[in-house]
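# Structural characterization, general
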Amino acid sequence: MVGTEMSNVDYNVESGQGYQEGASKFKPIKVEMRVSNVNKDQVSYWINEIANQYADLVVTNVSTGSDKISFEIGSPSMSDLTAEDIKFRIEEYLTMNVPPFELKELKVQ
C-alpha cells in the first residue's frame, strides 16, 4: 500500500463561527500550544478531529505557526464548561492521537 498524505483541506475547524452569535452564543476558551517539529499539512486535520471526537465541542480561530498553535474551543450546549475541563480533554486527546508536532507547553485559559 502506498503511503497516504493528509490533504491540506480546511475541514470543518472554522464551521463553529456561527455558534458564537444568536441564541446559542457562547464564550470559547483559548488554547495555546508551544510546539516544535510541526507538520503544518496535518495540523488542521488533527484539530478538526478534536471536534469530531468530542461532538459537543466547537473549534474556531485556528492559527498554526512553526512554534505555536492556537485555537478557541467551547460548547454551545454546555455553559458550565471550564478551562480545566478543556485542558483535561486536550490532554486526553493528545495521549490517544499522535499529534503532528512535538508539544512543549499547553496553556488553556
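Look a little higher up for the structure.
Residues numbered from 1 in each chain as written. Predicted model: local features only at pLDDT ≥ 70, side-chain atom pairs only at ≥ 80, totals over all residues. Heavy atoms only, no water.

## As for the packing of aromatic side chains
This is how the line gets drawn: A pair of Phe, Tyr and Trp rings is counted when the ring centres sit within 6.5 Å of each other, with Trp represented by its six-membered ring. The angle between the planes then sorts it: under 30 degrees is stacked, over 60 is edge-to-face, the rest tilted. The helix and strand labels rest on DSSP assignments: H or I over at least four residues marks a helix, E over at least two residues marks a strand, and numbering proceeds from the N terminus. For every residue, the accessible area (1.4 Å probe, protein chains only) is compared with the maximum for its type, and the residue is labelled buried under 20%, exposed over 50%, or partly exposed between those bounds.
Counted according to the given criterion, the structure contains two aromatic pairs. When the ring of Trp-46 is compared with that of Phe-101, the centres are 5.0 Å apart and the planes differ by 80 degrees; the resulting orientation is edge-to-face. Of the two residues, Trp-46 sits in helix α1 (residues 40–53) while Phe-101 sits in the loop between α2 (83–96) and β4 (102–108), which places them 55 residues apart along the sequence. A single burial state applies to Trp-46 and to Phe-101, both of which are buried. The structure contains a cluster of three or more aromatic residues connected by ring pairs, namely Trp-46, Tyr-93 and Phe-101.

## What to know about the nonpolar core
The condition that has to hold: Nonpolar cores are built from buried Ala, Val, Leu, Ile, Met, Phe, Trp, Tyr and Cys residues. Side-chain atoms within 4.5 Å join them into one set. We call two residues in contact when some of their heavy atoms are within 4.5 Å.
Core analysis: the largest hydrophobic core is formed by 23 residues, its most contacted members being Met-33, Phe-71 and Ile-86. When residues of this core are traced back to their parent elements, those giving at least two are β1 (29–36), α1, β3 (68–74), α2 and β4. Per-element accounting of this core gives the leading share, five residues, to α1. The contacts of Phe-71, once residues within four sequence positions are left out, are Ile-29, Lys-30, Val-31, Met-33, Ile-47, Ile-50, Val-59, Thr-60, Asn-61, Val-62 and Ile-90.

## Points about the packing of α1 against α2
Rules: An axis is simply a line fitted to the C-alpha atoms; with a helix, the fit covers only the stretch in contact. Between two such axes, the angle follows the N-to-C directions and lies from 0 to 180 degrees. In this scheme, roughly parallel covers angles under 35 degrees and roughly antiparallel covers those over 145, while 65 to 115 is roughly perpendicular and the rest are oblique. When the near helix sits turned anticlockwise from the far one by under a right angle, the crossing is termed left-handed; a clockwise turn instead gives a right-handed crossing. Each residue is assigned to one of three groups, with Ala, Val, Leu, Ile, Met, Phe, Trp, Tyr, Cys and Pro labelled nonpolar, Asp, Glu, Lys and Arg labelled charged, and all others, Gly among them, labelled polar.
Packing of α1 against α2 brings their axes to within 11 Å, and their N-to-C directions diverge by 115 degrees. Judged by the inter-axis angle, α1 sits roughly perpendicular to α2. Along this stretch, α1 crosses α2, giving a crossing that reads as right-handed. Of α2, the residues touching α1 (which contributes Trp-46, Glu-49, Ile-50 and Gln-53) are Ile-90, Tyr-93, Leu-94 and Met-96. The class makeup of the residues in the contact of α1 with α2 is six nonpolar, one polar and one charged.

## With respect to the side chain of Arg-89
Along the chain, the position of Arg-89 falls in helix α2. The contacts of Arg-89, once residues within four sequence positions are left out, are Tyr-54, Asp-56, Leu-57 and Met-78.

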